[in-house]
Amino acid sequence: MSSLRPTEGLVEEVALGLLQSLGVLFRSGAQIDESGERTGAITGVLHRPLSSVLQRLNPHLVSSTCEELVRVLTRPPHPSLIENNRWFYDLLTNGVPVEYKDPTTGETRGGRARLLDFDNPANNDFSVVRQLTIAGANDKTIRPDPVLYVNGLPLIVIEIKDPANTAATPDVAIDQLGRYKGTAPDLFVPNLRLAVSDGLLTLVASI
């Protein structure tokens with residue numbers, strides 16, 4: 001009798017299948033780059049989907065304002081990842097400060113642009129991207145396992161290990177995510193959760 005040996009690839013395929021069964025769109029990193037959905041290899045933010053969602057969630061804003069908001073979101077202002085992550089979390093939960101011209105009166109108004117629709121989750125775009133290449137410092141690159149996106153923002157990064165490999169422990173996976181953060185910190189600026197899993201044990205935390 002033959003048995004199916006668990007592997008890292010199998011765990012990843014099962015995870016992707018479960019996400020797709022929930023209606024999450026799957027794409028490869030190559031598809032993302034071929035369609036020109038981000039401004040450069042250094043960022044994990046998908047600017048085209050994000051700009052589209054910004055216009056949908058904030059119909060009072062013109063397209064040029066939404067494009068400017070994308071530029072703000074992809075240029076974190078602080079020197080450390082932790083500071084930038086806190087900065088982004090505030091924008092994610094409270095909205096991005098913005099000025100816009102009222103189309104009715106012509107007056108300049110202030111407000112906050114929504115990045116997520118917390119009231120109606122179905123208004124958000126959910127996707128998972130596999131093997132997206134992110135450029136970092138010193139010409140190094142990373143290619144993480146599945147990254148979960150909401151509205152073009154990489155909110156969850158997952159590292160999967162082989163359950164049959166006794167050396168591929170959760171600690172090894174956590175260390176790998178730590179190296180990723182050091183190499184390409186911009187990917188983790190919008191991050192809400194990091195996860196490591198071998199299909200048997202899963203650990204979830206923040207950066």
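What counts, and at which threshold
- In this convention, every chain numbers its residues from 1, walking through the sequence in written order.
- For a predicted model such as this one, the threshold for reporting local features is a pLDDT of at least 70, and the threshold for listing and counting side-chain atom pairs is 80 or more; totals across whole chains, interfaces and linings nevertheless cover every residue.
- With hydrogens and water excluded, all non-hydrogen atoms of the structure serve as input to the side-chain values.
- The helix and strand labels rest on DSSP assignments: H or I over at least four residues marks a helix, E over at least two residues marks a strand, and numbering proceeds from the N terminus.
- Partly exposed residues are those whose accessible area sits between 20% and 50% of the maximum for their type, while under 20% is buried and over 50% is exposed, using a 1.4 Å probe and protein chains only.
- Two strands qualify as a pair provided that DSSP identifies no fewer than 2 bridges between them.
- Orientation is described by axes fitted as lines to C-alpha atoms, over the contacting stretch for helices, and by angles from 0 to 180 degrees between their N-to-C directions.
- Throughout, a contact is declared for two residues whenever any of their heavy atoms are within 4.5 Å.
- Definition used for salt bridges: Asp or Glu carboxyl oxygen within 4 Å of a side-chain nitrogen of Lys or Arg.
- Here, patches come from residues exposed beyond 30% relative accessible area and free of salt bridges, joined within 9 Å for like charges and within 5 Å for nonpolar side chains (Val, Leu, Ile, Met, Phe, Trp, Tyr).
- Accessible surface is estimated by sampling points in the Shrake-Rupley manner with a 1.4 Å probe; for residues, cover comes only from the protein chains shown.
- Two kinds of site are reported from a 1 Å grid over the protein atoms alone, namely cavities, where a 1.4 Å probe fits but cannot get out, and pockets, open sets with protein on both sides within 12 Å along at least five of seven lines, and residues are called lining when an atom falls within 4 Å of a point.
- Grid points are joined across faces, edges and corners, and a volume is the space filled by probe spheres set on the points.
- In this classification, Asp, Glu, Lys and Arg are treated as charged, Ala, Val, Leu, Ile, Met, Phe, Trp, Tyr, Cys and Pro as nonpolar, and every other residue, Gly included, as polar.

Quick notes on the environment of Tyr180
Line of reasoning, step 1. Summarising the element assignment, Tyr180 is placed in helix α6 (residues 170–183).
Line of reasoning, step 2. Here Tyr180 falls in the buried class, since its relative accessible area comes to 12%.
Line of reasoning, step 3. For the pair formed by Tyr180 and Pro144, sequence separation is 36 residues and the distance between their alpha carbons is 8.1 Å.

Observations concerning the sheet that holds strand β7 (residues 147–150)
Line of reasoning, step 1. Taking strand neighbours across the sheet as the criterion, the six strands line up as β1-β4-β7-β8-β9-β10 in an open arrangement whose pairing is mixed. Of all the strands in the sheet, just β1 (25–28) and β10 (202–205) have a single pairing partner and so form its edges. Direction aside, the axes of adjacent strands within the sheet are offset by 20° on average.
Line of reasoning, step 2. By the bridge criterion, four bridges tie β1 to strand β4 (residues 126–130) in an arrangement that is parallel. Considered in β4, the bridge of Leu25 is made with Ser127.
Line of reasoning, step 3. Most of the contacts of helix α1 (residues 8–21) go to β4, to which it runs at about 160°, and overall it touches β1, β4, β7 and β8 (153–160).

Describing the pattern of salt bridges
Line of reasoning, step 1. Per the stated rule, a full pass over the model turns up nine salt bridges.
Line of reasoning, step 2. Of the charged contacts, one joins Arg130 and Glu13 as a salt bridge, the two residues approaching to 2.8 Å between their closest N and O atoms. Remark: Glu13 occurs in helix α1 and Arg130 occurs in strand β4; sequence separation between them is 117 residues.
Line of reasoning, step 3. On the basis of relative accessible area, Glu13 is assigned to the partly exposed category, the value being 44%.
Line of reasoning, step 4. In this structure, Arg109 and Glu107 form a salt bridge, with 3.3 Å as the shortest nitrogen-oxygen distance.
Line of reasoning, step 5. Classification of Arg109 by relative accessible area gives partly exposed; the value is 32%.
Line of reasoning, step 6. According to the relative accessible area criterion, Glu107 is partly exposed, its value standing at 43%.
Line of reasoning, step 7. Several salt bridges share partner residues, and in doing so they unite Glu12, Glu13 and Arg130 into one network.

Thoughts on a nonpolar patch on the surface
Line of reasoning, step 1. A cluster of nonpolar side chains, contributed by Ile174, Leu200, Leu201 and Leu203, occupies part of the molecular surface with about 380 Å² of accessible area.
Line of reasoning, step 2. Inspection of the secondary structure puts Leu201 in the loop between β9 (193–197) and β10.
Line of reasoning, step 3. Relative accessible area serves as the criterion here: at 41%, Leu201 is assigned to the partly exposed category.

As for empty space enclosed by the protein
Line of reasoning, step 1. Counted according to the given criterion, the structure contains two cavities of 30 Å³ or more.
Line of reasoning, step 2. Volume-wise, the largest cavity comes out at about 60 Å³.
Line of reasoning, step 3. As for the largest cavity, its lining consists of Thr43, Val45, Leu73, Thr74, Pro76, Phe88, Asp186, Val189 and Pro190.
Line of reasoning, step 4. Considered class by class, the residues forming the lining of the largest cavity number six nonpolar, two polar and one charged.
Line of reasoning, step 5. Volume-wise, the second largest cavity comes out at about 40 Å³.
Line of reasoning, step 6. Within the lining of the second largest cavity, the residues separate by chemical class into four nonpolar, two polar and two charged.

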